[in-house]
Structure formats: structure tokens, C-alpha cells
Amino acid sequence: MSFISVFDVLGPNMIGPSSSHTAGAALIAQLAQKMIAPPIVRVDYTLETKEFDTLTEKLQNEVKHANGYVERSSIDTSSTSRIKNAEFVFRIPVGELDGFAAFVESSANVLNKTQGGDDVTVQYFDTESRLQSLRIQQERVTAILEQATKISDILEIESELTRIRTEIEELTTTLRRLDNLTDYATVTVYISEVDVYE
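Residues numbered from 1 in each chain as written. Predicted model: local features only at pLDDT ≥ 70, side-chain atom pairs only at ≥ 80, totals over all residues. Heavy atoms only, no water.

> It is not clear to me how the packing of aromatic side chains should be interpreted in this structure. Could you clarify?
In this description, an aromatic ring pair is defined by two values, namely the gap between the centres and the angle between the planes. Following the criterion strictly, the structure yields four aromatic pairs and no others. Between the aromatic rings of Phe90 and Phe100, the centroid separation amounts to 5.8 Å while the plane-to-plane angle is 80 degrees, which identifies the pairing as edge-to-face. Pair noted here: Phe90 is in strand S3 (residues 85-93) and Phe100 is in helix H4 (residues 97-107), with a separation of 10 residues, a long-range link. Taken together, Phe88, Phe90 and Phe100 form an aromatic cluster joined through their ring pairs. (Phe/Tyr/Trp six-rings, centres within 6.5 Å; stacked < 30°, edge-to-face > 60°. Helix = DSSP H or I, 4+ residues; strand = E, 2+ residues; numbered from the N terminus.)

> Help me understand the nonpolar core in this model?
As a rule of thumb, soluble globular proteins bury nonpolar side chains together. Tyr45, Phe90, Val187, Val189 and Ile191 are the most contacted members of the largest nonpolar core, which totals 22 residues. Among the elements of the structure, strand S1 (40-49), helix H3 (52-65), S3, H4 and strand S5 (184-193) are those that each provide at least two residues to this core. In this structure Phe90 touches Leu59, Val63, Tyr69, Val70, Phe100, Ala185, Thr186, Val187 and Val189, once residues within four positions along its chain are discounted. With 15 residues, the next largest nonpolar core counts Phe125, Leu131, Ile157 and Leu171 among its residues. (Core = buried A, V, L, I, M, F, W, Y, C linked by side-chain atoms within 4.5 Å. Buried < 20%, exposed > 50% of the residue type's maximum accessible area, 1.4 Å probe, protein only. Contact = heavy atoms within 4.5 Å.)

> Where do I start with helix H6 (residues 151-183) in this structure?
Residues separated by three or four positions in an α-helix point in the same direction, a consequence of the helix having 3.6 residues per turn. Its 33 residues give H6 an end-to-end C-alpha distance of 47 Å, which sits within 8% of 48 Å, the value for a rise of 1.5 Å per residue. Three or more residues of H6 are buried, namely Ile157, Leu161, Ile164, Ile168, Leu171, Thr172, Leu175, Leu178, Asp179, Leu181 and Thr182. Packed against the buried residues of H6 are S1, S3, helix H5 (121-147) and S5. (Expected span 1.5 Å × (residues − 1).)

Here it is, written out as C-alpha cells:
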């Protein structure tokens with residue numbers, strides 16, 4: 001997912017009225033909605049089936065067909081229990097979710113379905129803003145380091161630069177994680193084998 005940064009919209013700082021200010025304000029208004037991060041989508045299913053092995057295989061094939069992947073799976077087929085149970089956590093591209101959901105609901109008896117979303121717009125753009133600020137700090141501190149001559153100053157500046165770079169890496173990782181969470185819906189499927197449907 002690629003978001004438009006407010007820094008890309010505003011451009012350079014200017015003083016006084018200008019056509020650039022007017023155009024910038026209009027552009028901000030037009031792009032406001034695009035700057036809202038999609039929600040993190042989660043869907044939970046509780047299913048029962050008379051054809052446990054067939055269903056689990058079909059579901060995993062359908063995940064591949066939807067360009068998704070299995071994040072976690074647990075299948076209980078122990079000899080101590082005649083009934084088979086499974087839990088899958090699938091990651092499905094949000095654009096493929098409706099088709100995948102339709103497949104799931106047509107392939108077994110659905111006992112329960114819950115769907116929700118978490119808005120991460122504030123978190124995303126707060127992180128992006130902090131990242132932008134740190135990158136500016138990194139440039140300034142690097143410039144100061146290039147001019148430093150005293151060993152003590154150099155060591156102190158390098159320490160600060162290391163701290164800034166560590167924060168940049170952490171925030172970059174956070175943005176990538178949010179991108180993944182919003183690009184792919186999390187679909188958790190609980191499956192039980194039955195002889196007779198409820």
C-alpha cells in the first residue's frame with residue numbers, strides 16, 4: 001500500500017499569497033480521503049463439515065488462488081479423539097476477500113461469522129511524520145559530523161546519529177507492518193468435523 005505524505009503535498013515553505021498556496025490547499029482537499037489509511041480487516045469463521053480432509057485441502061488451495069498465504073495452522077487428528085478439529089489463520093489480499101469469503105461460506109456449514117476493522121490512520125501518519133522528522137535530523141547531524149574536529153565531539157555526534165538511525169529503522173519496520181496488516185485481511189477459520197449438521 002502506498003500512502004501520499006503530507007510533505008509531498010505541501011512542498012517547499014513559502015511566505016505570502018501565491019498561486020502555489022492556492023493550488024496546494026486545493027490539492028490537500030482533493031487528496032484528504034486518499035490520505036486515510038484503510039482499516040485492518042479481521043474475519044473469524046466457525047465451521048462444521050462432514051468432509052474434514054476435503055474441506056481443509058480446498059481452503060488451502062483457494063488461499064493460493066486468492067494470492068494469499070497461511071500464517072498459522074493447527075490440525076488435531078489425534079487417535080484419542082474421533083472428531084477432527086482445525087484452526088487456520090489465513091492472510092488474504094483485501095481485494096480478494098469477498099470472493100474468498102463466498103467460497104468459505106459455500107463450502108461448509110457456518111455456525112458463526114464475525115467481521116471487524118481497526119482504523120490505523122492516526123497511527124500510520126503519526127509514524128510517518130516522526131520518520132520524516134528523524135530523516136531531517138539525520139541529515140543535519142551528519143552535516144555537523146562532517147565538520148567536527150574534536151574526538152570527543154565526533155564520538156558524541158556519532159552516538160546521536162546511531163540513536164537516530166535506530167529509531168528510523170524501528171519506525172520503518174512499523175510502517176511495513178501496518179502496510180501488511182492493511183493490504184491483507186486476517187481470516188481465522190475454526191473447523192470441526194461432524195456426522196450431522198446442527
